[in-house]
Each structure stands twice: as structure tokens, then as C-alpha cells.
There are 2 protein chains.
Amino acid sequence: MSIVVVGSVAFDTVQTPAGRAEGVLGGSASYFSVAASFFAPVHLVAVVGEDFGEDHARIFHDRDIDTAGLSHVPGRTFRWSGVYGDDINQRTTLSTELNVFQEFKPVLPERLRKAEYLFLANIDPELQRSVLDQMRRPRLVACDTMNFWIEGKREAVRDMLKGVDILVINDEEARQLALEANTVRAAKKILGFGPSSLIVKRGEYGAALYTSGSHFAVPAYPLLDPVDPTGAGDSFAGGFMGHLARKGSLDDVSIRQALVVGSVMASFCVEDFSLRRFATLRPEQIRTRLKEFGRMTQFADPAQ
Amino acid sequence: MSIVVVGSVAFDTVQTPAGRAEGVLGGSASYFSVAASFFAPVHLVAVVGEDFGEDHARIFHDRDIDTAGLSHVPGRTFRWSGVYGDDINQRTTLSTELNVFQEFKPVLPERLRKAEYLFLANIDPELQRSVLDQMRRPRLVACDTMNFWIEGKREAVRDMLKGVDILVINDEEARQLALEANTVRAAKKILGFGPSSLIVKRGEYGAALYTSGSHFAVPAYPLLDPVDPTGAGDSFAGGFMGHLARKGSLDDVSIRQALVVGSVMASFCVEDFSLRRFATLRPEQIRTRLKEFGRMTQFADPAQ
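Residues numbered from 1 in each chain as written. Chains lettered and ligands numbered in written order. Predicted model: local features only at pLDDT ≥ 70, side-chain atom pairs only at ≥ 80, totals over all residues. Heavy atoms only, no water.

## Points about the overall build of chain A
In step 1: Helix and strand content of chain A: 11 helices and 13 strands.
In step 2: By the compact-globule yardstick of 19 Å for 304 residues, chain A fits well, its C-alpha radius of gyration being 18 Å.
In step 3: The long-range fraction of contacts in chain A, counting pairs at least 24 apart against all pairs at least 6 apart in sequence, stands at 62%.
In step 4: In the structure as shown, chain A presents an accessible area of about 11,900 Å², 48% of it carried by carbon and sulfur atoms.
In step 5: Across chain A, the centroid of the 34 positively charged side chains sits 6 Å from that of the 38 negatively charged ones. (Helix = DSSP H or I, 4+ residues; strand = E, 2+ residues; numbered from the N terminus. Rg over C-alpha atoms; globule rule 2.2 N^0.38 Å. Contact = heavy atoms within 4.5 Å. Areas by Shrake-Rupley, 256 points an atom, 1.4 Å probe, with all protein chains shown as cover. Lys, Arg positive; Asp, Glu negative; His and termini not counted. Charge placed at Lys NZ, Arg CZ, Asp CG, Glu CD.)

## Here we look at the interface of chain A and chain B
A common way to state how big an interface is: give the accessible area lost once the parts meet.
In step 1: The interface of chain A with chain B comprises 44 residues on the first partner and 44 residues on the second.
In step 2: Between chain A and chain B, a total of about 3,800 Å² is buried, with carbon and sulfur atoms accounting for 56% of that surface.
In step 3: Taken together, the links from chain A to chain B amount to four salt bridges.
In step 4: Two residues, B:K291 and A:D301, come together in a salt bridge whose shortest N-O distance is 2.6 Å.
In step 5: At the boundary of chain A with chain B, the tally comes to 24 residue pairs in polar contact (both at pLDDT 80 or more).
In step 6: The set of elements that each furnish at least two residues to the side of chain A that touches chain B consists of α6 (171-178), α7 (183-190), β13 (215-218), α8 (232-247), α9 (252-269) and α11 (283-297) of chain A.
In step 7: Looking at the side of chain A that touches chain B element by element, the count peaks at eight residues for α11(A).
In step 8: Among the residues forming the side of chain A that touches chain B, the class breakdown is 20 nonpolar, nine polar and 15 charged. (Buried area = accessible area lost by both parts, 1.4 Å probe. Salt bridge = Lys/Arg side-chain N within 4 Å of Asp/Glu carboxyl O. Polar contact = N/O pair within 3.5 Å; in protein donor to acceptor, adjacent residues only side chain to side chain. Nonpolar A, V, L, I, M, F, W, Y, C, P; charged D, E, K, R; others polar.)

## As for the sheet that holds strand β1 (residues 3-6) of chain A
All names here are of chain A.
In step 1: Taken together, nine strands build an open sheet; the order of strands is β5-β4-β1-β8-β9-β10-β11-β12-β13 and the sheet is mixed. If you trace the sheet from one side to the other, it starts and ends with β5 (66-72) and β13, each paired once. Direction aside, the axes of adjacent strands within the sheet are offset by 15 degrees on average.
In step 2: Here four bridges tie strand β12 (residues 207-211) to β13, and the two strands are oriented antiparallel to one another. (Pairing = 2+ DSSP bridges. Axes fitted to C-alpha atoms, helices over the stretch in contact; angles between N-to-C directions.)

## Things to note about the packing of aromatic side chains
In step 1: If you walk through the whole model with that rule in mind, you get 19 aromatic pairs over all chains.
In step 2: Between the aromatic rings of A:F32 and A:F119, the centroid separation amounts to 4.4 Å while the plane-to-plane angle is 5 degrees, which identifies the pairing as stacked. Remark: A:F119 occurs in strand β8 (residues 117-120) and A:F32 occurs in helix α1 (residues 28-36); sequence separation between them is 87 residues. The same class applies to A:F32 and to A:F119, which are both buried.
In step 3: When the ring of A:F38 is compared with that of A:F278, the centres are 6.2 Å apart and the planes differ by 45 degrees; the resulting orientation is tilted. Taken as a pair, A:F38 in the loop between α1 and β4 (42-48) and A:F278 in helix α10 (residues 276-280) lie far apart in primary sequence, 240 residues in all.
In step 4: Positioned over the ring face of B:F38 is B:R63, at 3.5 Å from the centre of the ring. (Phe/Tyr/Trp six-rings, centres within 6.5 Å; stacked < 30°, edge-to-face > 60°. Buried < 20%, exposed > 50% of the residue type's maximum accessible area, 1.4 Å probe, protein only. Lys NZ or Arg CZ within 6 Å of the ring centre and 35° of its normal.)

## Considering the relation of the copies chain A and chain B
In step 1: Structural alignment of chain A on chain B gives an RMSD of 0.0 Å, achieved by rotating through 180 degrees and translating 0.0 Å along the axis. As the rotation angle and translation indicate, the two copies are arranged about a two-fold axis.
In step 2: Here 100% of the contact residues of chain A are again contact residues in chain B; the copies associate through an equivalent surface. (Least-squares fit on C-alpha atoms with pLDDT ≥ 70 in both.)

## Examining helix α7 (residues 183-190) of chain B
Residue and element names in this part refer to chain B.
In step 1: Looking only at α7, the buried set comprises T183, V184, A186, A187 and I190. Down the axis of α7, the buried side of the element spans an arc of 160 degrees, and every buried residue falls inside it.
In step 2: Those residues of α7 that are buried lie in contact with β10 (166-170), α6 (171-178), β11 (197-201) and β12 (207-211).
In step 3: One side-chain oxygen at the N-terminal end of α7 lies 2.6 Å from the backbone nitrogen of V184; it belongs to N182. (Arc of directions from axis to C-beta.)

## Remarks on the environment of A:L44
Residues and elements named next belong to chain A.
In step 1: Tracing the sequence through the fold places L44 in strand β4.
In step 2: Separated by 241 residues in sequence, L44 and Q285 place their C-alpha atoms 25 Å apart.
In step 3: Once you skip the residues sitting within four places of it in the chain, L44 turns out to touch V5, V9, A29, S33, F60, I65, D66, T67, G69 and L70.

## Observations regarding the packing of helix α9 (residues 252-269) of chain B against helix α11 (residues 283-297) of chain B
Residue and element names in this part refer to chain B.
In step 1: Relative to each other, α9 and α11 sit at 120 degrees, their axes nearing to 10 Å. For the element pair α9 and α11, the recorded crossing hand is right-handed. Between α9 and α11, the contacting residues are V260, V261, S263, V264, M265, S267 and F268 on the first element and Q285, I286, R289, L290 and F293 on the second.
In step 2: Each residue belonging to the contact of α9 with α11 can be placed in one class, and the counts come to eight nonpolar, three polar and one charged. (Left-handed = near helix turned anticlockwise from the far one by under 90°.)

## Points about the sheet that holds strand β7 (residues 91-97) of chain B
Within a sheet, adjacent strands bond to each other through the backbone by hydrogen bonds, running parallel or antiparallel.
Residue and element names in this part refer to chain B.
In step 1: Pairing within the open sheet is mixed, and its four strands lie in the order β3-β2-β6-β7. Here the strands that pair on one side only, and so sit at the sheet edges, are β3 (19-26) and β7. Neighbouring strand axes in the sheet, compared pairwise and without regard to direction, differ in orientation by 15 degrees on average.
In step 2: Across five bridges, strand β2 (residues 10-16) lies against strand β6 (residues 79-84) in parallel orientation. Residue pairing for β6: F11 is matched across the bridge by R79.

## Here's the deal with the side chain of A:Q176
Residue and element names in this part refer to chain A.
In step 1: Mapping Q176 onto the fold places it in helix α6.
In step 2: A distance of 2.6 Å separates the side chain of Q176 from the side chain of E151, its partner in a polar contact.
In step 3: When near neighbours in sequence (up to four residues on either side) are disregarded, Q176 contacts N147, I150, E151 and R154.

## Notes on helix α8 (residues 232-247) of chain B
Residue and element names in this part refer to chain B.
In step 1: In a regular helix each residue adds 1.5 Å, so 16 residues correspond to 22 Å; α8 covers 22 Å between its end C-alpha atoms and thus fits that length.
In step 2: Counted residue by residue, α8 has 13 buried out of 16 residues, so it is predominantly covered.
In step 3: Count one or two residues on from α8 and you reach G248, which has phi positive near 70 degrees. (Expected span 1.5 Å × (residues − 1).)

## What about the pattern of salt bridges?
Residue and element names in this part refer to chain A.
In step 1: Counting across every chain of the model gives 40 salt bridges over all chains.
In step 2: Between D124 and K153 there is a salt bridge, and its shortest N-O distance comes to 2.7 Å. A residue pair is termed long-range when its members are at least 10 positions apart, and D124 in the loop between β8 and α3 (125-134) and K153 in the loop between α4 (147-152) and α5 (154-161) qualify at 29 residues.
In step 3: Notably, a salt bridge pairs D252 with R256, separated by 3.0 Å at the nearest N-O pair. In this pair, D252 and R256 both sit in helix α9, four residues apart, roughly one turn of the helix.
In step 4: Connected through shared salt-bridge partners, R129, D133, D159 and K162 make up one network.

The structure is reproduced here in C-alpha cells:
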């Protein structure tokens, strides 16, 4: 079953303790679609400018991602620049040029409106809502958002969430969205806003799943030499949705597995700048790391 | 097999979003020994002043903790006061009065020198070293330390670590001790300092185990209403050592289980001020929460 992702395609300039990459392919929809493509067919919906050439799109083609929904319009592609501290979890944005993204009004091609899986990457909640309205009863809708929208368009975020099954955000965003200082309490409140599952991304600490009846947590893969965390959250979401679409099941077992797959894809993302690690990633490397996650979290009942 | 713990007994004044507790029993050795007492016999070595009465020691007696090594000396007991923010993970120390703790020179009674399990709670590394020197070949030595000692007495910490099997610290301390910005890299370096296992406490994110051959991580129990995190780390260490002493085994299976037991004891600690939660805690409540940890972390291999 195939996945539609709506989000950004960008050129990033990134400085980390491991080095620097200039004007490289980035954006939430890019990371999501490449990570998800290892598990299911992906349709990318985004916008780029005249500076986006065939070469930039090569990884999408190599990964068999459908780019019919990638609009090419006059102007420059979205650009983002940031620097990470010695503690690679600390990020400072140096500049954001929205460029063609500023006028982005996603219109889904007819054949995509019937897709069963939809991921709304982090864009204006009103645009997320408009995409939702174009879809015909998708089986699963997941979305991301950020502080900027939660603070600036709280009502629009709340409205959009009514149509969302799984919200994927970080703990600070969860607390801000729920106006609660405690993440567990925030999670409980957010489950009343619409989504039946909340996934809280915790960066180097992994991710946690909250549903009304179950709690699950998975650690992050311990990387000795992280290179660039940009896109890790979107790669997580890509692996997560990819697994669900591949399995075609939405039960608790599958959602837990999907969190592990997401964590694995996020860990690969961080191993190189931009989407480079995915260009050479092989399915058996994914399987090996999935097994390592099993070993990392297994324990025998201490009460026995 | 029994455990000797050397550390502090204190009177704490604590303010958290859930309320306030004034002059209540605290201190690293208090939390450790009460948590560990659910699993193995514990001998407490610490110092208190004239203001420490029979009433204060009641929980130690109720939990059958041996207090023969608790010195009563002229002066006032160690006092600490702190406040937690709306985000209960943010702590500010308001005052520290070392009082009788300033002159604490732990001398182990003869019969304790043969104990098989030793926990050196967070005190001056030179005192930790002197306790180590008094012991006769203990089977397992674990210890805690903090930024204050790592910065101020780095050489003494490094020297003490040569005699330690398991170091239990938080991630910031691990990075500071190893002078590495990446926790995974820091862990690898610390395993070259002496300890064969490093346990990194991550507060609300749980704990991780690093050894030369294995990595394991356990999440924290998701508490809807945390009351007071004071002593959670020492309660973790108490549950951890208690389980190992009860099992009498130090293999990877037992150490992983011990991390889970530690996490369970830390989660109970946070449910009330001071040691209050432990006063009413029943073994079947521990077993129930251990089972919940199993459910919180279980997943089926996504590659199948």
C-alpha cells in the first residue's frame, strides 16, 4: 500500500562537529520519502524552484519515489542553514529562506487522493488541513508539527489534529501543545485532541508511544560517530509509516514494530550529511540493525 | 549476600510543583539502603548529628537495615534544600549545609569489611577510595559521583575508579568525566578507566548500560503525577545492587534485570516526598511494575 507525503524539499547548509555540507538536498518530505521508500511505494508532494535540477532529484528516482506531485515553479527552492554544537543535540538555525515554499498550496493529483497512507510533514497546519480535505478516507493519517505553529496557530493545529490518527512530535512540542509541564500528562491530553496514538521523539533518547491503552518506548541506536542529525525525525517518520504501509496492519504489535523501524532509519540518517547514507543503504543492513535493537532492549523478567 | 553502602544521611527541604516538604529524611545512603532493602540485607555507613533522633531512624529499622555503621556525632546533620521547576526535571539547589558531614571519615566496622557488595554513594572520591582500601576483596563495587568532584578532584575520581566495577552516573557527568561531547564515545572511554560496566542515568528517559560487549537501555516508568524526584538516582542504584546481591550473579542477564529493578524503584521513589513511598511499598507492587516494564519495552522482530 502506498504513502503520500506532503512537506518540504530544501537545500540545506549544515555545520556539525563532524564537518560541513553546503546547499545539499534536505527538507522534511525528502527525508521522509527516501526513508519510507525502503518499505513501501511513496508519492512525494512538495515544491521546488528553478535551481532544482535533475541531479538533485536523482535519489528520488533511484529510490523509485513518485515525483509527479513535485511542483517546479519559478523562483528559488526553500533554503535552510543551521549549526550544531559540540553536543550535537544542540542546534541553532542560522537562516531560513522560504522562497517558493512561501506560496506552496499543495494540490494532490487525482490518483493520489485515494492513497491509503498519508503523512503530513511539518508545514502550516492550514495547508495540512487542506490536504486532509482533498483525501478520500485514507486508512491512516500521521502528521508532524512544530513549536512555531503550536504557538502561532494553535487553533489551526487543534483543528487539523481532529483528522489525524498518529501525531509524531518531540517532548517539548507535546508539552507546549497540551500546555502541561509533564510529558505523560501532556500525552494523555493530546490523545483527547483527535489522534489515537502519540509518538514522542526524544532525539538521542529514542522515542515513546502513547495510546489510551498502552505505553511503549524504544531507545535510540547508540552512534559513536554521529555526523548530522538533520532529518532524523523525518527519517524516523518515514521508517515508521513505511513499515505500517508494508504490513498493512495497524494493531499494537505493528505500531510498536514501526517505532523500532523508525528508530533504525533515523540512526542511519545521522551517519552522514543530507540523504547520503540512504544512497548506499542495503536492506540487509536494515535487518541487521533491527536485530541489534532487539538485543539492546531485551531482558528476562527480574521477578522470576 | 549483603550490601554495604557508604554515603550521606540528610535532612532535606524540598519544593516541587506538587508541594513542599521540610526537614525530611534524605541523603544518598538513605535512599539507596531503603530501596536495596527490598532485595537484600543492607548495612548503612554514614554520619548524623545530635538532631537525628530515634524517630528519624524508624524507616531504617522498619526495613531491617543495619545501622551499626551510622555514627552519631556532636553537631547538626547534613542539610540540603532545593526547588524543582514546573518541568520537574529542572532542579535548583537553594542551600547545602554540610555540618557533621564535613568531617566524615568513614571507618568500617570489622565485620562489614568482608561484605561482598559495596556501593559508594556520591561523596568525596578520596573518602570513596579510603573505604575501598578498608574492604577485603568485595565481589562487586559500584559507585556514583558528580560534576563537583569530577571538576574539582578529577585525579582522585580517576584513581578511585580503578577499584570500581560499575559506575552509575548521569549523561552530563559521563561526558564531563571523559571530556567527550558524545555520550557513546564518553562511555567507551570510561570503560577504559577501570569499570567494566557504565550505567548512564537519564532521568525521565530511563537508563542505559554500556559494557565492552553489550548495550542495553530501559525507559523510565511514565508517571502521571511525579511528586519529588529527589533520591531517584540513589533509589535506582539501590534497586540495581539489591537485585544483583539477591541473585548472587553478575552475568549480562542479571545486570540487565538489575537495571529494570533500579528503574522500578526509582519510579516508586518519585511518587512521594522523601522516603515515604517506600514506607508502604509492598513486594507485589514491585512485581506488578516489573511486569509493566516488560510490556512497555516488548516488540516482535519487525523483519519477520
